[in-house]
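Listed here are the chains, written in short residue letters.
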Amino acid sequence: MQGGGNVTTADKILSNLPHGGLILAVDGPSGTGKSTMCRAVAKKLHARYIDTGAMYRVAALAVWKAGIDPEDSAAVIEITSGLALEVNDDPDSTEVIVDGQDVSQEIRGPEVTAIVSAVSAIPEVRENLVALQRHLCEEAGRAVIEGRDIGTVVLPDAPAKVFLSAAPEVRARRRYEQDLAAGRDVDFATVLRDVQRRDDYDSHRATSPLRPADDAVIIDTSDLTPDQVQEALIEVVEESCWAELEDKQWEELAEEYGISKPDTVEEALCTVAIVGRPNVGKSTLVNRFIGRREAVVEDHPGVTRDRISYLADWGGQRFWVQDTGGWDPNVKGIHAAIARQAETAMSTADVIVMVVDTKVGITATDEVMARRLLQSEVPVLVVANKCDSDMQLADMAEFYALGLGDPFPVSARHGRGGADVLDAILDAFPEEPRASFITEGPRRVALVGKPNVGKSSLLNKMTGEERSVVDSVAGTTVDPVDSLVQLDQKLWRFVDTAGLRRKVKNASGHEYYASLRTQNAIDAAEVCVMLIDSSEPVSEQDQRVLGMIMESGKALVLAFNKWDLMDEDRRWELERDIQQQLAHIPWVRRVNISAKTGRALQKIEPAMIEALESWDKRVSTGKLNNWVREVIAQNPPPMQGGRLPKVLFATQASSRPPVIVLFTTGFLDAGYRRYLERKFRESFGFEGSPVRIAVRVRERRKQR
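Residues numbered from 1 in each chain as written. Predicted model: local features only at pLDDT ≥ 70, side-chain atom pairs only at ≥ 80, totals over all residues. Heavy atoms only, no water.

The protein appears in an unreviewed UniProt entry as Multifunctional fusion protein from Corynebacterium poyangense. Its UniProt record, at the heading Function (unreviewed entry), says of the protein: "GTPase that plays an essential role in the late steps of ribosome biogenesis." Of the protein, the UniProt comment under Subcellular location (unreviewed entry) reads exactly: "Cytoplasm". (UniProt positions renumbered as here; feature names shortened; annotations may be inferred.)

Shown next, in the form of structure tokens:
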């Protein structure tokens with residue numbers, strides 16, 4: 001037999017075995033629609049269809065024709081051991097060939113139905129046929145195989161398992177209509193008794209009893225249309241596909257095949273530092289160089305405060321562009337800290353671009369900076385910004401007095417002259433960069449919170465250097481600041497963000513754009529460490545920041561900072577605040593720290609690791625459906641419109657964050673979904689990660 005070709009559903013190749021293979025194992029009692037549904041699904045998946053039930057019916061037919069008592073095991077084993085059996089695995093064919101004759105109609109007759117359970121319960125009969133079934137699956141490559149013990153005995157390691165069920169009355173009705181259509185003389189009461197008798201026999205036999213596998217998805221087809229059953233089966237296959245493997249499974253597979261993926265990607269990239277006095281247009285020029293609006297820009301001095309690196313690409317070469325705050329030698333306080341950041345950038349860059357203002361000309365600060373840069377060991381380029389027209393070219397002549405070579409006329413706002421500067425920067429880069437940088441790998445952590453809560457202080461304490469400008473004035477940080485930090489267990493990429501104001505829509509200028517950058521930093525992060533000032537009540541701003549994180553679906557750790565200011569009275573008030581304001585997120589890990597003294601900072605990393613493991617985690621569809629059945633049995637959902645909603649099946653649609661989709665016959669209200677989330681966390685954990693429960697309502701099948 002030849003396996004089917006690749007199949008594409010929603011532009012994805014469905015394959016849950018190596019080399020394009022696929023197995024879907026479907027079990028269930030008679031009358032659940034196994035044969036019809038599996039044939040249709042096999043056709044859609046370009047797979048072979050293997051009907052194991054037909055094999056047992058062929059064995060029962062041989063016993064009946066020979067007049068053998070089904071209880072005579074020895075005689076049954078003897079006559080069935082040498083069956084010349086051929087089952088057509090084409091989904092469009094119903095042929096079952098024995099000794100050259102098609103017996104597909106005979107094996108469905110009442111005589112065979114009456115004895116097939118007794119024949120199939122004999123261990124030796126099952127042993128012979130199970131070996132044949134496994135061989136057929138292996139030969140097919142891509143197969144949908146159905147029966148009564150496929151997921152438990154025949155293929156216990158099948159990647160996709162389904163157990164179809166339905167009420168006995170529904171199954172008897174289906175079988176009755178099927179027999180009538182085939183021209184058989186039957187009555188409904190007899191068919192119902194046969195269904196119930198066979199269910200009891202199959203479920204209690206000693207060998208391979210009829211039961212769902214522990215990891216099988218149980219689907220009740222009583223109220224589903226054929227299209228809905230097929231959709232559910234294909235969703236189970238999609239959930240098992242290799243394209244949907246978790247990161248850990250990919251890592252295990254790579255390890256098995258000897259493929260190792262580095263934890264981090266390190267590249268030797270050159271760095272160009274953009275420096276100059278305040279308000280000469282450095283950040284605007286940086287945005288031109290990197291081709292996107294990343295740096296916060298506003299027409300007044302002092303907007304950029306930290307040393308920010310952006311990855312740029314020009315002429316096929318990647319390099320870092322480092323934006324800095326305005327440099328001034330005669331400043332104190334926060335402005336002195338900003339100047340120190342610029343000096344650090346100049347000391348570590350491969351090329352320095354000094355930006356001056358064509359409209360203003362040379363200032364005393366420009367002269368002092370130029371004298372310093374004349375002593376630099378790396379190339380220095382002078383960019384005369386705000387040269388918006390050719391009429392201003394004559395004004396550039398005075399910049400030759402700086403002694404740093406030919407100035408480049410540029411208008412960063414209008415994009416004029418930037419390409420010439422980038423070409424000159426590439427020409428000035430050394431063959432070997434001064435340093436290597438980690439560009440991929442470490443997991444991203446966003447430090448978020450309201451202004452002046454201690455985010456930059458925490459980053460500086462963790463890095464052991466003055467990476468972010470810190471001041472007692474709220475709103476010191478404007479641009480997100482990235483830093484690689486090696487903690488006890490892992491290397492992390494921390495992002496210090498601007499404090500979020502109470503009402504962003506009322507903010508203006510750089511505060512508005514800083515808030516947008518913070519939102520982007522949250523969206524790009526994997527875990528957020530939200531800092532809350534433990535010396536103050538939990539505020540509306542804190543709740544708003546928390547809402548942004550929850551909406552983004554990121555893993556979360558709560559860090560209560562400034563614990564060094566805590567006293568007994570405030571401790572009691574804080575516990576009351578947490579109970580009142582944060583009761584809706586009991587799953588978040590809480591850490592009490594002091595960024596100033598370093599208290600308990602070592603507890604942050606284990607909390608982040610736990611949150612990310614939960615954020616990445618998946619629960620198998622089989623376990624999820626077993627859990628759903630138990631939870632709903634304990635507390636059924638409230639009635640909607642006089643009907644009790646039924647949960648047909650459940651699956652985890654995605655991780656990061658975990659999303660559980662419930663397919664139901666009616667709407668589940670928010671209160672019941674919260675109950676399900678609480679019970680879900682009790683069973684599976686998911687500490688530190690949000691869990692979203694979505695409901696897909698399917699209309700009841702219309703009664704004929």
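All right, on to the packing of aromatic side chains then. Per the stated rule, a full pass over the model turns up 7 aromatic pairs. Ring geometry for Trp-627 versus Phe-684: centroids 6.2 Å apart, planes at 65°, classification edge-to-face. Pair noted here: Trp-627 is in helix α20 (residues 621–634) and Phe-684 is in helix α21 (residues 670–684), with a separation of 57 residues, a long-range link. Given the relative accessible area of 6%, Trp-627 is considered buried. Ring plane angle 50° and centroid distance 5.0 Å describe the contact between Phe-680 and Phe-684, whose orientation is recorded as tilted. Of this pair, Phe-680 and Phe-684 both sit in helix α21, 4 residues apart, roughly one helical turn. Residue classification places Phe-680 among the buried residues on the basis of a relative accessible area of 1%. Three or more aromatic residues link up through ring pairs in this structure, and these residues are Trp-627, Phe-680, Phe-684 and Phe-686. The ring of Phe-188 carries the charged tip of Arg-173 above its face, separated from the ring centre by 4.3 Å. (Phe/Tyr/Trp six-rings, centres within 6.5 Å; stacked < 30°, edge-to-face > 60°. Helix = DSSP H or I, 4+ residues; strand = E, 2+ residues; numbered from the N terminus. Buried < 20%, exposed > 50% of the residue type's maximum accessible area, 1.4 Å probe, protein only. Lys NZ or Arg CZ within 6 Å of the ring centre and 35° of its normal.)

The next thing to look at is the packing of helix α4 (residues 110–120) against helix α8 (residues 188–204). One can describe the packing of α4 onto α8 by two numbers: an axis separation of 10 Å at closest approach and a directional angle of 10°. Of the possible angle classes, the one that applies to α4 and α8 is roughly parallel. Across the interface between the two elements, Thr-113, Ala-114, Val-116, Ser-117 and Ala-118 of α4 pack against Arg-197, Arg-198, Tyr-201 and Asp-202 of α8. (Axes fitted to C-alpha atoms, helices over the stretch in contact; angles between N-to-C directions. Parallel < 35°, antiparallel > 145°, perpendicular 65-115°, else oblique. Contact = heavy atoms within 4.5 Å.)

As a further point, take the nonpolar core. Counting residues in hydrophobic clusters, the biggest one holds 36 residues, and the most contacted among them are Ile-145 and Leu-155. The set of elements that each furnish at least two residues to this core consists of β3 (22–27), α2 (52–65), α3 (73–80), β6 (96–98), α4, α5 (123–140), β8 (142–147) and α6 (150–154). Among the elements that make up this core, the one with the highest residue count is α2 (8 residues). Setting aside residues up to four positions removed in sequence, Leu-155 forms contacts with Ile-23, Arg-134, Cys-137, Ile-145, Ile-150 and Lys-161. (Core = buried A, V, L, I, M, F, W, Y, C linked by side-chain atoms within 4.5 Å.)

This part is about the sheet that holds strand β7 (residues 101–102). Strand order in this open sheet of 3 strands is β5-β6-β7, and the pairing throughout is antiparallel. In the strand order of this sheet, the two ends are held by β5 (85–87) and β7, each with one partner. Bridge count for β5 against β6 is 3 bridges, and the pairing is antiparallel. Across the sheet, Val-87 pairs through a bridge with Val-96, a residue of β6. (Pairing = 2+ DSSP bridges.)

Spatially, β25-β26-β27 is the arrangement adopted by the 3 strands of the open sheet, whose pairing is mixed. Strands with a single pairing partner mark the edges of an open sheet, and in this sheet they are β25 (647–654) and β27 (692–697). Across the sheet, the mean angle separating the axes of adjacent strands is 25° when strand polarity is ignored. On top of the sheet, helix α9 (residues 226–240) reaches β25, β26 (659–664) and β27; it is set at about 30° to β25, its chief contact. Sitting on the sheet, α21 is in contact with β26 and β27, with an inclination near 130° to β27.

What follows concerns the side chain of Gln-230. For Gln-230, the location among the structural elements is in helix α9. Beyond its immediate stretch of four places on either side in the chain, Gln-230 contacts Met-37, Ala-40, Val-41 and Lys-44.

Let us now look at unusual backbone geometry. In this structure, the amide linkage connecting Arg-656 to the following residue, Pro-657, adopts the cis form with an omega of 0°. Tracing the backbone through its elements, the reader meets Pro-657 in the loop between β25 and β26. One non-glycine residue with positive phi stands out, namely Lys-562, at about 65°. One can find Lys-562 in the loop between β23 (555–561) and α18 (568–581). Taking the relative accessible area as the measure of exposure, Lys-562 reaches 22% and is therefore partly exposed. A positive phi angle, near 55°, is found at Arg-656, a position not held by glycine. Relative to the helices and strands, Arg-656 resides in the loop between β25 and β26.

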